[in-house]
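Each chain is listed here by its residues.
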Amino acid sequence: MLDAKSPDGTPMFTDKAAVCPVHASADHPKIPPAKIGVLLANLGTPDGYDYWNMRRYLNEFLSDKRVVDYSAWIWQPLLQGIILTKRPFSSGAAYKSIWNEDAGESPLLTITKAQTAKMRELITETHGDRVMVDFCMRYGNPSTRSKVREMIQAGCQKILFFPLYPQYAGATSATACDQFFRVLMKEKWQPSIRTVPPYFEHTAYIDALAKSVERAYGLVDQKPDVLVASYHGVPQRYLMEGDPYHCQCQKTSRLLKERLGWGDEDIVTTFQSRFGPEEWLKPYTVEEVARQAEKGRKRIAVIAPAFSADCIETLEEINEEIRESFEEAGGEHFTYIPCLNDDDLHMRALTQVVSENLQGWV
């Protein structure tokens, strides 16, 4: 069956596992049947919480100019000296407190594997084995390079790249795409590519968020006084330089509030994970939860809409550090609402986003 062509227009057989183009010589390299790849991308994870694994991971992460954009001649001596001497110990201890010891990996890796498996099942129901679904990490393993190679070797002549960040930020979505594009520069035969835009206002995503809040509120004896929507922070300067992240976070919170039928006083938007001396987006979550307690709001719930999967920033920072700040200020009941993870509604929402972006390819 002649149902595919090579880039120069030569017909290729595609009904066998690996075949040669028509009229090619016997020693022509085998070409697998054409497929479409869907490559999910998340932030990343160290391979372990020991000093050297943490140092390698932090070095890759904090050397990314999208993450820390200071001049290298100022930043790198500081990073390679003081920061990477001390921080692997504190970060390693934080990772150890949440590590999935049974699987020997971080929760982010465990959850991303589960998300990929569910999406693969959902995509296969609709498109069969024509579409290959896998995941990569921007930092650490599995690397973007290794997964793009696997997809191309498997016959993916088109790849949809999906950074798993609802809201766009240069330090998340953009750097994931940067790495994807860098990897493609090494390929002899580049596939056609698409990147999935941020889905911060997608109806299915907002509905999945709302259902998770309703589910969590249904499990407590008394409704929390306020819902804190805590997003990962970025320097305030990034907003001034044109990064849309702040605006997209605010819109996600507004749409969530409207979907729940709440008033403005029922939800507050905050930002966490501040790093370095600069002013970051405010209000800071760790300070805001204390203010809420001091104002008499003794029951709060915290959700993290910017994270597609629970990770160190949610399981350790929110559920430990931020909880402690609230309780020390007089708060009494702290409810952490888990990320959407591999929840069925969430996976159907993400699969819907993928299907919309595959239009014209399938």
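A brief report on the enclosed structure follows.

Here is what the cut-offs are and how they apply
- Residues numbered from 1 in each chain as written.
- Predicted model: local features only at pLDDT ≥ 70, side-chain atom pairs only at ≥ 80, totals over all residues.
- Heavy atoms only, no water.
- Helix = DSSP H or I, 4+ residues; strand = E, 2+ residues; numbered from the N terminus.
- Contact = heavy atoms within 4.5 Å.
- Salt bridge = Lys/Arg side-chain N within 4 Å of Asp/Glu carboxyl O.
- Buried < 20%, exposed > 50% of the residue type's maximum accessible area, 1.4 Å probe, protein only.

Remarks on the environment of Ser355
Part 1 of the reasoning: Among the secondary structure elements, Ser355 is positioned in helix H11 (residues 344–357).
Part 2 of the reasoning: Sequence-wise, Ser355 and Thr172 are 183 residues apart; in three dimensions their C-alpha atoms are separated by 22 Å.
Part 3 of the reasoning: Setting aside anything within four residues of it in sequence, one finds Ser355 in contact with Ile123 and His127.

Topic: the pattern of salt bridges
Part 1 of the reasoning: Under the criterion given, the structure shown has 19 salt bridges.
Part 2 of the reasoning: Note that Glu214 is salt-bridged to Arg259, the shortest N-O span being 3.3 Å. Of this pair, Glu214 sits in helix H6 (residues 203–217) while Arg259 is found in helix H8 (residues 245–260), placing the two residues 45 residues apart along the sequence.
Part 3 of the reasoning: What makes Glu214 partly exposed here is its relative accessible area of 38%.
Part 4 of the reasoning: Between Lys257 and Asp264 there is a salt bridge, and its shortest N-O distance comes to 2.5 Å.
Part 5 of the reasoning: On the accessibility criterion, Asp264 (58% relative accessible area) is exposed.
Part 6 of the reasoning: Ionic contacts of the salt-bridge type, sharing partners, join the residues Asp69, Arg237, Glu241 and Glu278 into one network.

Re the environment of Gln248
Part 1 of the reasoning: Assignment of secondary structure puts Gln248 in helix H8.
Part 2 of the reasoning: Residue classification places Gln248 among the buried residues on the basis of a relative accessible area of 11%.
Part 3 of the reasoning: With 87 residues separating them along the chain, Gln248 and Thr335 place their C-alpha atoms 25 Å apart.

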